[in-house]
Amino acid sequence: SDYETLLVETHGAVTLVRLNRPQALNALNTAILRDLIDAFAAYDADDGQRCLVLTGSEKAFAAGADIKEMQDQGFAQMYGANFFGGFEKVWSVRKPWIAAVGGFALGGGCELAMMADIMIAADTARFGQPEIKLGVAPGMGGSQRLTRAVGKSKAMDMVLTGRMMDAVEAEKANLCSKVVPAADLVDEALKMAATIAGMAPLAAIANKEMVNVAFETGLATGILFERRLFNGLCATEDKKEGMGAFVEKRPGVWTGR
Ligand code: HXC
């Protein structure tokens with residue numbers, strides 16, 4: 001692949017992206033952000049790719065934003081450059097993606113994993129928002145996404161003490177959808193991704209949009225959004241195909257139209 005900080009492979013209709021800055025435990029710097037924006041945009045634009053898995057190394061998904069890069073930056077530089085605001089482009093990718101987390105997912109690393117549609121953890125995963133120990137606070141959505149995922153008390157516990165949470169606690173707290181042995185992490189994520197990649201592409205985008213709207217609006221509006229999008233999907237060829245295939249007792253063959 002042509003990225004300085006990522007290794008990208010395709011497995012059929014699934015894109016596998018590995019963070020690859022081993023010398024810094026995959027700390028997120030400007031180069032990784034640039035590469036992630038490019039890789040996610042390429043995935044979103046490629047009709048042949050239907051799901052993406054983002055992973056790190058055995059030791060670290062990502063140990064946070066790069067402290068050495070942030071060390072000398074003051075308010076004017078951070079605000080002027082909208083520091084790490086570019087992660088919105090990763091988060092707002094339309095097609096589904098999975099974070100497969102092994103080892104450390106701290107600070108921005110935990111926040112990046114929480115941007116995923118689904119998070120799978122290895123039994124070695126360690127999550128935390130330790131920014132308070134650096135005299136700061138989460139800056140890539142952690143205070144909002146962690147709170148939505150695990151609730152107020154545990155989110156406060158995590159951000160105020162800066163402690164780490166292991167995989168068992170993370171699963172219990174609904175931070176991740178499941179925990180698997182570390183040796184199986186990428187295979188399990190690729191398997192789940194292949195299942196998703198086998199679905200009708202427009203339906204996959206619609207299902208993702210609906211669940212995300214649950215975080216953005218009130219119940220009645222969310223339900224109306226869902227119903228209208230459901231109505232809309234009924235105008236697709238893949239709806240005719242999917243329901244026809246069920247009645248004819250055969251697998252659906254999707255066109256993405
Ligand atoms: C820069 C980092 C780094 C980071 C690790 N490294 N984390 N470099 N930024 N976030 C580097 C170390 O400096 C070291 O480089 C190498 O990676 C290996 O790390 P060690 O500390 O030697 O490994 P270990 O003893 O196993 O400890 C692992 C660790 C620890 C517990 C994960 O590295 C750690 O606490 N890292 C920082 C975690 C953190 O505070 N994250 C939050 C960052 S703030 P050398 O050159 O010495 O070998 C943040 C804000 C997000 O994320 C919002 C932004 C807008």
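The coordinates are above.
Residues numbered from 1 in each chain as written. Predicted model: local features only at pLDDT ≥ 70, side-chain atom pairs only at ≥ 80, totals over all residues. Heavy atoms only, no water.

A. Representation of the overall build of the chain in the model. If you tally the helices and strands in the chain, you get 12 helices and 10 strands. Relative to the 2.2 N^0.38 estimate, which gives 18 Å for 257 residues, the radius of gyration of the chain is 19 Å and therefore close to what a compact globule would have. With the C-alpha coordinates aligned to their principal axes, the bounding extent of the chain is approximately 60 × 45 × 40 Å. Burial analysis of the chain (257 residues in total) assigns 42% to the buried set. Total accessible area computed for the chain in this model is approximately 13400 Å², and 58% of it derives from carbon and sulfur atoms. Where the 27 positive side-chain charges of the chain centre and where its 31 negative ones centre are 5 Å apart. (Helix = DSSP H or I, 4+ residues; strand = E, 2+ residues; numbered from the N terminus. Rg over C-alpha atoms; globule rule 2.2 N^0.38 Å. Buried < 20%, exposed > 50% of the residue type's maximum accessible area, 1.4 Å probe, protein only. Areas by Shrake-Rupley, 256 points an atom, 1.4 Å probe, with all protein chains shown as cover. Lys, Arg positive; Asp, Glu negative; His and termini not counted. Charge placed at Lys NZ, Arg CZ, Asp CG, Glu CD.)

B. Broad picture of the packing of helix α10 (residues 201-213) against helix α11 (residues 219-233). It is the contact of α10 with α11, at a shortest axis distance of 9 Å, that shows an interaxial angle of 170°. Regarding the angle of α10 to α11, the classification is roughly antiparallel. Facing Leu 202, Ala 203, Ala 206, Glu 209, Met 210 and Val 213 of α10, the residues of α11 in contact are Gly 222, Phe 225, Glu 226, Leu 229, Phe 230 and Leu 233. The class makeup of the residues in the contact of α10 with α11 is nine nonpolar, one polar and two charged. (Axes fitted to C-alpha atoms, helices over the stretch in contact; angles between N-to-C directions. Parallel < 35°, antiparallel > 145°, perpendicular 65-115°, else oblique. Contact = heavy atoms within 4.5 Å. Nonpolar A, V, L, I, M, F, W, Y, C, P; charged D, E, K, R; others polar.)

C. Spatial organisation of the pattern of salt bridges. Within this structure, the stated rule accounts for 13 salt bridges. Glu 169 serves as the salt-bridge partner of Lys 154, at 2.6 Å between the closest nitrogen and oxygen. Separated by 15 residues along the polypeptide, Lys 154 in helix α7 (residues 152-161) and Glu 169 in helix α8 (residues 167-172) bring together distant segments of the chain. For Lys 154, a relative accessible area of 26% puts it in the partly exposed group. Note on Glu 169: relative accessible area 19%, which makes it buried. (Salt bridge = Lys/Arg side-chain N within 4 Å of Asp/Glu carboxyl O.)

D. Broad picture of a nonpolar patch on the surface. Residues Ile 67, Leu 134 and Val 136 make up a contiguous nonpolar surface patch of roughly 280 Å² in combined accessible area. You can see Val 136 is positioned in the loop between β8 (126-128) and α6 (142-150). (Patch = residues over 30% accessible without salt bridge, like charges linked within 9 Å, V, L, I, M, F, W, Y side chains within 5 Å.)

E. Molecular detail of unusual backbone geometry. Of note, the phi angle at Asn 82 is positive, near 50°, even though the residue is not glycine. If you trace the backbone, Asn 82 turns up in the loop between α3 (75-80) and α4 (87-91).

F. The arrangement of the pairing of strand β3 (residues 51-55) in detail. Judged by how many residues are buried, β3 sits mostly within the fold: five of five residues are covered. Burial along β3 is two-sided: Cys 51, Val 53 and Thr 55 and Leu 52 and Leu 54, pointing in opposite directions, are all buried. Sheet analysis places strand β2 (residues 14-19) next to β3, joined by five bridges and oriented parallel. Its bridge partner lying in β3, Arg 18 is registered against Thr 55. (Pairing = 2+ DSSP bridges.)

G. How the structure looks around helix α12 (residues 237-247). Residues of α12 that are buried: Asp 238, Glu 241 and Ala 245. Angularly, the buried residues of α12 cover 60° about the axis, an arc narrow enough to put them on a single face. Away from its buried face, by an angle of more than 90 degrees, α12 presents the exposed residues Lys 240, Phe 246 and Val 247. Where α12 is buried, its residues contact α10. Following α12 by one or two positions, Lys 249 has its phi on the positive side, about 55°. (Arc of directions from axis to C-beta.)

H. A look at the side chain of Glu 131. Mapped onto the elements of the fold, Glu 131 is located in the loop between β8 and α6. We note that Glu 131 is buried and unpaired, the nearest opposite charge coming from Lys 133 at a distance of 9.9 Å. If we skip the residues at most four places from it in the chain, Glu 131 touches Gly 107, Gly 108, Glu 111, Val 136, Ala 137 and Pro 138.

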